[in-house]
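Summary of structural features
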Amino acid sequence: MKPTGAIRPSFSGFTLLEVLMVVLVVGILSAVVLISLNPGGPERKLGDETERLASLISLASNEAVMQNREYGVRLEPGAYGFLCLDDKSQKWRECVGDSMLKHHVLPEGLEVRALTADRMSLPEGEAGEPDSQKDDAEKADATMLTPDVILLSSGEASPVELEIRVIEEPSLRMTVIVDDIGRVKWSGQAGVDDEHAE
């Protein structure tokens, strides 16, 4: 005889599908946290900054030809920036209006310097205002802004070899090479020994 009102036994616990979904969600969350906490270390930062500098110099070189304007790269301790030659005053000024060619501070622990550079000078411009009429601060600014690399509107450039290195580990370094016709190459010893041309 079969009981008519029998209650089925209930099983408590999770199904296999529920357990797999929890494992998947925990795995995705831990991967996101791991990636955000470890951006790469000094080798990755060095490679990224070297590629960025080479790309920006190549961009500025192309812009110089397309806009018929002279550009310069100015190196500072732990930073670099781009300068534009003012046609009227024949003085170097920071480039205004171009968000790509603005002053850039390197991540902490990296530095940039010129290893070899052939100084190129531009012809003197016509005399503008007499020096006595200029403000002393303006004179100081104009004399301080001198590029380490010059990119001419003719496509030529002052040849230079720039080095970006990790300060605490001098063996970790990469170079950006600009030749006299404005070609840019970068290579290095941060785990990648091949050369890249821009």
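Anything mentioned here points back to the structure above.
Notes on the structure follow. Keep in mind it's a predicted model, so treat the numbers as computed, not measured.

Moving on, we come to the overall build of the chain. If you tally the helices and strands in the chain, you get three helices and ten strands. For the chain, the sequential pattern of α-helices and β-strands runs α-α-β-β-β-β-β-α-β-β-β-β-β. Counting over 198 residues, the chain shows a buried share of 33%. Of the roughly 13,300 Å² that the chain leaves accessible, carbon and sulfur atoms contribute 55%.

A word on the nonpolar core. In a soluble, globular protein the nonpolar side chains are often hidden away together inside. Within the largest apolar cluster, 31 residues are counted, with the highest numbers of intra-cluster contacts made by Leu-53, Ile-57, Tyr-71, Phe-82, Leu-151, Leu-162 and Val-176. If you tally residues by element for this core, the top one is helix α2 (residues 42-67), at seven residues. Setting aside anything within four residues of it in sequence, one finds Leu-53 in contact with Tyr-80, Val-112, Leu-162, Ile-164 and Val-176. Listed in part, the six residues of the second largest apolar core include Leu-83, Trp-92, Ile-150 and Leu-152.

Assignment of secondary structure puts Thr-175 in strand β8 (residues 173-178). Thr-175 has contacts with Thr-50, Leu-115, Glu-161, Leu-162, Glu-163, Lys-185, Trp-186, Ser-187 and Gly-188, leaving out every residue within four places of it along the chain.

Any two aromatic rings considered together are summarised by their centre-to-centre distance and by the angle between their planes. Under the criterion given, the structure shown has one aromatic pair. Aromatic side chains Tyr-80 and Phe-82 sit 6.4 Å apart centroid to centroid with 85 degrees between the ring planes, which places their arrangement in the edge-to-face category. Comparing Tyr-80 with Phe-82, the two get one shared label, buried. Note that Arg-69 overlies the ring of Tyr-71, its terminal NZ or CZ placed 5.9 Å from the centroid.

In this model helix α1 (residues 16-37) runs 32 Å from its N-terminal to its C-terminal C-alpha over 22 residues, within 8% of the 32 Å that 1.5 Å per residue would give. The element α1 is barely covered by neighbouring structure, given that only zero of its 22 residues are classed as buried.

Here we come to α2. Taking 1.5 Å of rise per residue, the 26 residues of α2 would be expected to cover 38 Å, and the 36 Å separating its terminal C-alpha atoms lies within 8% of that figure. With its phi angle positive at about 50 degrees, Asn-68 sits one or two positions after the end of α2.

It is worth spelling out the state of the cysteines at this point. With the rule as written, the count across this model stands at one disulfide. Through a disulfide, Cys-84 is tied to Cys-95; the S-S separation comes to 2.1 Å. Looking down the S-S bond of the Cys-84 and Cys-95 bridge, the torsion is 110 degrees, so its handedness is right-handed. Taken together, the residues span a long stretch of sequence, with Cys-84 in strand β2 (residues 79-85) and Cys-95 in the loop between β3 (92-94) and β4 (104-105) at a distance of eleven residues. Residue Cys-84 shares its accessibility class with Cys-95, and that shared class is buried.

Taken together, the side chains of Glu-43, Glu-108, Glu-168 and Glu-169 define an acidic patch exposed on the protein surface. Checked against the element boundaries, Glu-108 lands in the loop between β4 and β5 (110-117). In this structure Glu-108 comes out as exposed when scored by relative accessible area, which is 80%.

Another aspect to go through is the pattern of salt bridges. Scanning the model with the defined rule gives six salt bridges in all. Glu-163 serves as the salt-bridge partner of Arg-173, at 3.5 Å between the closest nitrogen and oxygen. With Arg-173 in strand β8 and Glu-163 in strand β7 (residues 160-166), this residue pair connects regions lying ten residues apart in the sequence. Arg-173 sits in the partly exposed class, given a relative accessible area of 31%.

So, how was this worked out
- Residues numbered from 1 in each chain as written.
- Predicted model: local features only at pLDDT ≥ 70, side-chain atom pairs only at ≥ 80, totals over all residues.
- Heavy atoms only, no water.
- Helix = DSSP H or I, 4+ residues; strand = E, 2+ residues; numbered from the N terminus.
- Buried < 20%, exposed > 50% of the residue type's maximum accessible area, 1.4 Å probe, protein only.
- Areas by Shrake-Rupley, 256 points an atom, 1.4 Å probe, with all protein chains shown as cover.
- Core = buried A, V, L, I, M, F, W, Y, C linked by side-chain atoms within 4.5 Å.
- Contact = heavy atoms within 4.5 Å.
- Phe/Tyr/Trp six-rings, centres within 6.5 Å; stacked < 30°, edge-to-face > 60°.
- Lys NZ or Arg CZ within 6 Å of the ring centre and 35° of its normal.
- Expected span 1.5 Å × (residues − 1).
- Disulfide = S-S within 2.5 Å.
- Patch = residues over 30% accessible without salt bridge, like charges linked within 9 Å, V, L, I, M, F, W, Y side chains within 5 Å.
- Salt bridge = Lys/Arg side-chain N within 4 Å of Asp/Glu carboxyl O.
- Lys, Arg positive; Asp, Glu negative; His and termini not counted.
- Charge placed at Lys NZ, Arg CZ, Asp CG, Glu CD.

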